[in-house]
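Okay, here's what each chain looks like letter by letter:
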Amino acid sequence: MILEGIGLSKRFPWGRSLTGVRAWVRALEGATLQVAEGETLALVGESGSGKTTAGRILAGIEVPTAGQVLFRGRHVAGSMGAAPRTGGASRRDYRLGVQMVFQESQASLNPRKTVGQTLDVALAARGMAPARRREAAARLLAEVGMEPVGTFLARFPHQLSGGQRQRVNVARALSTEPAVIIADEPVSALDLSVRAQILVLMERLQKQHRVAYLFISHDLAVVRSVAQRVAVMYLGRIVEEGRTEQVFATPLHPYTVALLSATPIPDPRRARLRSRIILPGDVPSPVSPPPGCPFHPRCPVAAEICGREFPPLLETGEGQKALCHFAGTLAPGASAPGRG
Amino acid sequence: MGREFARRFFRSRAGVLGLCLVALVIGVAIAAPALAPRDPHTTSLVTKGPPGTPGYPLGTDDLGRDILSGVLWGSRASLTVGVCAAATAVTLGIAIGATSGYYGGWIDALLGRVTELFQVIPRFVLALLVVALFGSGLWKLVLVIGILSWPQAARVVRGQFMALRGAAYVDAARVLGLRDARIIFSEILPNVVAPVVVIASLDVAAAILLEASLGFFGLGDPNLASWGMMLNNAQAHFRQAWWMSVFPGLAISITVLGFNLLGDGLNDAANPRLDA
Amino acid sequence: MRSDGLSGAKVSGAQAAPTGEPLLEIRDLYTHIVTPRGVVRAVDGISLEVAQGGAVGLVGESGSGKSMTAFSILRLFPTAGARTISGSVRLSGRDLLRLSEEEMRRVRGGEVAMIFQDPATYLNPVLTVGRQVAEAYAMRSGWGEARRSAVRALATVGLPDPEAVYGRFPHELSGGMRQRAVIAMATVCGPSLLIADEPTTALDVTIQAQILELLARLRKELGTALLLITHDLGIVAETCEVVYVMYAGKIVESGPVGSVLVSPAHPYTQGLMAGALTIEEARPVVAVMEGTVPDLANLPSGCRFHPRCPKVMDRCALQPPPEFAVAEGQMAACWLCGESPA
C-alpha cells in the first residue's frame, strides 16, 4: 500500500459559546482507506459523507482527530508544521509524494501568479535548481497538452478556460513526481466535452507515471469508467468497498443500491425499464447522527435492530466489504440484464 | 488586471484630484530649497507683516519669519512624518493582521483583544502623553504615531487572510510542503496589496493631521519647520495676524484632503462592485 | 387532496388550447446581449415546441444559450444589455413578446413558472416559506384563499406537515426541502408550463431522484408541461419525451428522446453520447471533441461546430447548415444529413 488512512476520524467544532464548544460535526468516523501503487481508488458519497475531509487528511491539509496516515508504510500524520515522528526524510517524501487536484480550477491557482510562476513554485518545492525549472515547467505543460507552451507559461489563471486551468492544476500536482494524486471532484465543474478531455489526460498520465489516484467524486458514472476500486461513504463512514465491477454489479449495502438506482442512465431504452429506489428524506446532520446504523432512517430494508446496534462489517470471499446488518438483501433494480 | 485597475481609477474625478494634490505636495517638499525665497528660520525686522508685504507674499510672523518659506519647508516635515508613520503602521498592521488571520485560534483571539485595546484608547491623548513624557523629535513622532495607528491595517489584513487561508491555492501550497512564512508572504500577501495601499494612503493623511495637532499644542519637534509648530506659534497672535494661521492651516487641509481622496479613489478602483 | 391542487389552475386563466396545437411555440427567436466586448449572440434563431403536458429537454453545455432561452420566454433577463431582437414565443397561441409588461407579469408565476439551480437564492431569508409560496396566489385572490392554496401546494410537493412548514423560515429547511418549497412556489397557481433550469445540479443524487420524481408526478397530476434545461443527458433520458440539443446559440438537433439519444445524427450529439459515461458499464473514456464551446461574441463562420467537428467538410466553414429531417420527428442541422433543406 502506498498511502493508507487507518481509522481516521475528524471532528470540527460546531458553534462555540462562552462555556466552550457547543457541539461537534462528526465529519469522519473511523474510516480506513488504502490506496495501492498505480491504482485508482474512487471515494464516492453525497455532501456530508466525509469524502472531502478524508481526502484532505490524506493530503496532509487537515489533521485527523483520531487515526493515522501512513505513506509507504511509515507514519506521517501530525500537525502541518510539527516535526515528524519518524525522521525528516519520510516527511519530505510524503509531502512531495502525495499531491492534490481540487474541484475549483480557478480558486486553486493563485490569481497573481502566471502559469509559469505557479509551476516554478512547485518545482522549487521539490528542490530543483532554478536554472532547470523553466525547462521543466515547459515540459510539464507540454505533457498536459497545453501547447504552444511559451504562450501559456506567461498567462494568468483568468486568461485560461476552465479546462486549461484544470490542466495546469494537474501539471502542478505532477511536478513533484508524486506517487499518489488526490483528486477531489476534478471534473465536476467542467463541461461535458472538457470533462472527457481531462479524464483522458489523467488516465494517460497514470499509465506513464504509474501514479495512483484517490478519485473523490459524487458521479458514479465517471467512477465506473475510471476506478479499479470503489469505497462508498455515508455520514463519515465507509459503508461499502470493493472492486468496481463487484460494487456496481452486486452492491451489498442498501445505500449503494439506492445510489446506483438514483443515478440517471443516458440511454432512454434502458432508463425506462428501471425500477427506481427513491430514498426518503435528507442525509441526517453529522452533528447528531442517528443511533445504530447511521443509514437506518432512510433505509428501505431497515429492521428494529438497525436503530439499536451498529452494524458489523461483512466481508465476502472476493474482498467486497459492507457495513450492514442485512448486506445483500436489497437487490439492484431491474436493469442490468446480461451483466452477471 | 493592473491596466483595468488604472482605467477604473482614472475614471474617478475625486481620485485623480487627490493624486494631483498629493503629487503637488510631494513636488513642493522636494523642491522646497529652490522654491522658498528665504530660510524659514531667519528672523527679520518686518514682524507681523501682512500678505503682500514686499518680499513676503504671504506675510511674516511675530519674529519676522517668512510665512511662504515656512509653509513650503513645512511640507517636508509633514510628509516625512506622515509617510514614515504610515509605513510603520502598515508594517505593524500586516505583521499582526497576517499572523492573526492566518493562524486563527487563540493567537487570533489574543491579537484581536490587543487590536481592540489600541482602537479604544484615544490616540491623540496618548500621543500627547508620550511626547510630553519622553520629549519630542521627528523619529519619536514617527514611532509614536505609527504605533498608535496600526489597528486599521491589521483588521483589514486579518480579514483578508482569514478569507484566503482556506483558498484552494493556499491548500495547494500546503500540499507542496511550503513553509508558513512562504505561504503568507508569497502566496497570500500579494493578493492583499490593494486594500493595504488604500489604508496606507488614509493612514498618511491621519498621521499628518496628528503630527500637526501635536505641533499645535507645542509638542512637535522644536528644531523643525512644521505646519503644526507654525499654528502653535500663531495662536497668540490670531487677532492681529490671521495669516500666520490661515496659510499653514490651508496647507494641512490640502495635503490631508489629497491623501484622503487618493485613498478613496484607490478603494473604489480596487472594489468595483461598490460602483453599482 | 391531490385533486384539490388542480383547482389552482382555474385562477391562472390558462385556456386549454385546441388539441394538437403546442402549448409553447418558439419561432426564430433571437436574443442578443450587448457587452463591451461586442454582441453576444446567446440565442441565435431557435425554434422549439412544447406540447400540452409534455416534457421537453433543452440540453447544452455552459455558454450554449440554453438558460438565455428560458429567460427570453419569461422576458426576464439577469444580465444588463440582453434583449430579444426578433421572433415569437406563443403560449396557447398568444405571443408573449407582444404582451404589455402588466400582462406579462400575470403570465409569470401564473401560466408559466420557473425554478432555478440554486433554490436558496430564490427564497427570501426573512420571510416564512408559506408567505412566499402564497404570494403569487395572493396577487390574484385574497390572503385567506392564498394561505389555503399554499398549504395545499406544500403538501403536493411532498413536504411533511405542510401546516408547520408554512410558518418556517428558509434556513430551517434542508436543501432538498428548499427546492420542494421553490417548486411549490412555482406551481401554486397551477401553471400550464414549468421551466426548470438545472433544477437538480446543486443537489445530491438521492435528492435529485426525489425532485425528478416530484416533477414527473406534478406533470401527471396537474398536467403541467415541463421544459427542462440541463447539461445531464441521463436526466433527459429519464424524464423527457422530446429533446433539443443546443450549441453556441443554435439548436443543432431535435426529436424524440428515443431517437436523438439512441441514434444521434449530428456530430455534436454523437460526440456527447460517445463521451457519456454510464453506471451500466466501464466504458473507456474518450474525448471525441477537441477544444471548447466557442465565444458567443466571436463565432466561427458557417456551421458553428465545424472547428471541433471530427467529420468536418469544406462546405461547413462556408455555409451554416439548415435543418434536415433525418427520421420521424428528428431534425439535425448538419450538412451530412442531406443536400437540400427539409
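What you see as residue numbers is a count from 1 along each chain, following the sequence as written. Lettering of chains starts at A and numbering of ligands starts at 1, both following the order in which they are written. Where local features are concerned, this predicted model is filtered to residues with pLDDT of at least 70; where side-chain atom pairs are given and counted, the filter is 80 or more; whole-chain, interface and lining totals use all residues.

**Things to note about the sheet that holds strand E2 (residues 38-50) of chain C**
Residues and elements named next belong to chain C. In this scheme, strands are said to pair when DSSP sees at least two bridges between them. Helix numbering and strand numbering both begin at the N terminus, where a helix is a DSSP run of H or I of at least 4 residues and a strand a DSSP run of E of at least 2. Here 4 strands make up an open sheet; going across it, the order is E2-E1-E4-E5 and the pairing antiparallel. The strands lining the two open edges of the sheet, one partner per strand, are E2 and strand E5 (94-95). Summarising the sheet, strand E1 (residues 24-35) and E2 pair through 9 bridges and their orientation is antiparallel. From the neighbouring strand, threonine 31 faces E2, where its bridge partner is valine 43. Together, E1, E2 and strand E4 (82-91) form the strand contacts of helix H3 (residues 66-74), whose direction differs from that of E2 by roughly 70°. Distance between backbone-placed C-beta atoms decides contact: two residues are in contact if it is within 7 Å. Only the stretch in contact is used when fitting a helix axis, every axis being a line fitted to C-alpha atoms; angles between N-to-C directions are given from 0 to 180 degrees.

**Comments concerning the packing of helix H3 (residues 67-103) of chain B against helix H4 (residues 105-120) of chain B**
All names here are of chain B. Two numbers describe how H3 lies on H4: the axes approach to 7 Å, and their chain directions differ by 145°. With respect to the hand of their crossing, H3 and H4 are arranged in left-handed fashion. In this structure, H3 uses Ile96, Thr99, Ser100 and Tyr103 to contact H4, whose residues at the interface are Gly105, Ile107, Asp108, Leu111, Gly112 and Thr115. Each residue is assigned to one class: nonpolar for Ala, Val, Leu, Ile, Met, Phe, Trp, Tyr, Cys and Pro, charged for Asp, Glu, Lys and Arg, and polar for all the others, Gly among them. Residues of the contact of H3 with H4, tallied by class, amount to 4 nonpolar, 5 polar and 1 charged. The sense of a crossing depends on the near helix, which, turned anticlockwise from the far helix by less than a right angle, makes the crossing left-handed and, turned clockwise, makes it right-handed.

**What about the pairing of strand E8 (residues 225-230) of chain C?**
All names here are of chain C. We call a residue exposed when 12 or fewer other C-beta atoms sit within 10 Å of its C-beta, buried when the count reaches 20 or more, and partly exposed for counts in between; the C-beta positions come from the backbone. Among the 6 residues that make up E8, 6 are buried, leaving the element largely enclosed by the rest of the structure. Here E8 shows two buried faces, one formed by Ala225, Leu227 and Ile229 and the other by Leu226, Leu228 and Thr230. Direction of pairing for strand E3 (residues 55-59) relative to E8: parallel, over a ladder of 5 bridges. Note that in E8 the partner of glycine 57 across the bridge is leucine 228. In terms of strand pairing, strand E7 (residues 193-197) meets E8 through 5 bridges, oriented parallel. Paired with leucine 194 across the two strands is leucine 226, which belongs to E8. You can see the chain leave E7, run along helix H9 (residues 205-222) and come back into E8, and the turn it takes is right-handed. With the strands aimed away from the viewer, a crossover counts as right-handed if its path from the first strand over the helix to the second runs clockwise.

**Describing the confidence of the model for chain C**
Values of pLDDT, the confidence the predictor places in each residue, fall between 0 and 100. For chain C, per-residue confidence averages 88 on the pLDDT scale, and 93% of positions sit at 70 or higher. Below a pLDDT of 50 lies the segment residues 1-18 of chain C, which in the model reaches 36 contacts outside its immediate sequence neighbourhood of four places, other chains included.

**Brief notes about the pairing of E4 of chain C**
All names here are of chain C. In this structure, E1 lies alongside E4, joined through 8 bridges in antiparallel fashion. Pairing of isoleucine 33 across the sheet is with alanine 82, part of E4. Count of turn residues in the E4/E5 antiparallel hairpin: 2 residues, of which serine 92 carries a positive phi of about 50°.

**Overview of the interface of chain B and chain A**
The figure often quoted for interface size is the accessible area lost as the parts come together. Between chain B and chain A, the residue contacts involve 14 residues of the former and 21 residues of the latter. Secondary-structure elements contributing two or more residues to the side of chain B that touches chain A are helix H8 (168-175) and helix H9 (180-188) of chain B.

**Quick notes on the arrangement of the chains**
The highest contact count of any of the 2 pairs of chains in contact belongs to chains A and C. With respect to C-alpha atoms, chain B approaches chain C no nearer than 12 Å, and the pair has no contact.

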